[in-house]
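Next come the chains, spelled out residue by residue.
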Amino acid sequence: MPAKLVSDRYGKSRVRLMRVTKHVGHDLATLHHDVDEWTVQVLLTGDFETAHTEGDNSKILPTDTMKNTVYHVARDSKALSIEEFAMELVDFLLGRNPQVESAEVVIHSHLWKRLTVDGKPYPTAFMKGSDEIQTTTVSRSLGDEFKIVSGLDRLTVMKTAQSGFVGYIKDSVTTLPETTDRLFATALKATWPYTAAAIHEGIDFNKVRHHLREVMVTTFAKHESLSVQQTLFAMAEAALDHTTIIDEVYMLMPNKHQLLVDLSRFGQTNPNHIFVPTDEPHGTIEATVRRA
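Residues numbered from 1 in each chain as written. Predicted model: local features only at pLDDT ≥ 70, side-chain atom pairs only at ≥ 80, totals over all residues. Heavy atoms only, no water.

A. Here's a closer look at the pairing of strand 7 (residues 248-254). With three bridges joining them, strand 6 (residues 184-193) and strand 7 adopt antiparallel strand pairing. Across the sheet, the residue bridging to Thr191 is Tyr250, located in strand 7. Direction of pairing for strand 7 relative to strand 10 (residues 284-290): antiparallel, over a ladder of seven bridges. Bridge pairing in strand 10 links Glu248 to Arg290. (Pairing = 2+ DSSP bridges. Helix = DSSP H or I, 4+ residues; strand = E, 2+ residues; numbered from the N terminus.)

Structure follows, in structure tokens:
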């Protein structure tokens, strides 16, 4: 039976690198280094049909070359954000490969922070931050503008007050008790596409990400939560209220249960509440909130 290739895309995943940018100084008062740890994925779309149908590799860019391209561009890049670096990498790939119609670069940035020595951040020593990562997906087709979706992932937060869960459906298999005072923990993922106008005018991507992160975390802390859904919507709505360069926010918030240990039968009167953290999330809440 005849077959037709409808679409194809290929690339290189998990290109890992640590970029150290050295700012030269005369002593430790003026010397400092910046550290970026990135995991990069490259995906290409183009005229690759004969590779599938005839085994003709003459238009195929080896994934090993893609890996080396990431290192090559990173070495000379002066980009201050993962978005800027991804844009440079996309343009480099499109400019050198006429058979490529579009390129997409996905970057995860893993957090490091400076060690504090004698009460001050040390300029050349670092410690691993949390599991939180900063993310971006940057793509462009020949003749078109950039599309940029940025965000964050694995931002683990918890609140010990202002959270309850009552009034839900109960049936013969329900065992969860209602509560107006629960421990609310989650590992937030949020992404937001930038408007075309904002990308064209130029964006301080790091500043925007930091601002939106602070807005969402502040909303999480202060919100009187009747459900995970309600808190998710409040955080997304607050993010949209605080900037005009995005029109929607996608959020994923798994409910990471903390199980209360009932010690009342032992006559415990201590005000401490004892919880058992579970290893995996139970319940996944996700939604996209768009500007009205």
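That shown, we press on.
B. Inspection of the packing of helix 2 (residues 63-76) against helix 3 (residues 82-96) at higher detail. Direction vectors running N to C along helix 2 and helix 3 enclose 125°, while the axes themselves pass 10 Å from each other. As judged from the angle between their axes, helix 2 and helix 3 are oblique. For the pair helix 2 and helix 3, the crossing hand works out as right-handed. Where helix 2 abuts helix 3, its residues Thr69, Val70, His72, Val73 and Ala74 lie against Phe85, Glu88, Leu89, Phe92 and Leu93. Here the contact of helix 2 with helix 3 is built from residues that sort into seven nonpolar, two polar and one charged. (Axes fitted to C-alpha atoms, helices over the stretch in contact; angles between N-to-C directions. Parallel < 35°, antiparallel > 145°, perpendicular 65-115°, else oblique. Left-handed = near helix turned anticlockwise from the far one by under 90°. Contact = heavy atoms within 4.5 Å. Nonpolar A, V, L, I, M, F, W, Y, C, P; charged D, E, K, R; others polar.)

C. Quick look at the sheet that holds strand 3 (residues 100-117). An order of 1-2-3-4-5-6-7-10 is seen for the eight strands of this open sheet, with the pairing classed as antiparallel. Only two strands of the sheet have a single partner each, and these edge strands are strand 1 (10-23) and strand 10. In this sheet, neighbouring strand axes are inclined to one another by 20° on average, regardless of whether the strands run parallel or antiparallel. Note that strand 4 (residues 120-141) and strand 5 (residues 147-159) share seven bridges and pair antiparallel. When the bridges of strand 5 are listed, Thr137 appears paired with Val149. Against the sheet, helix 2 makes contact with strand 1 and strand 2 (32-46), and its axis sits at roughly 20° relative to strand 1, the strand it touches most. Of the strands in this sheet, strand 6, strand 7 and strand 10 are in contact with helix 6 (residues 228-241), which crosses strand 7 at around 150°.

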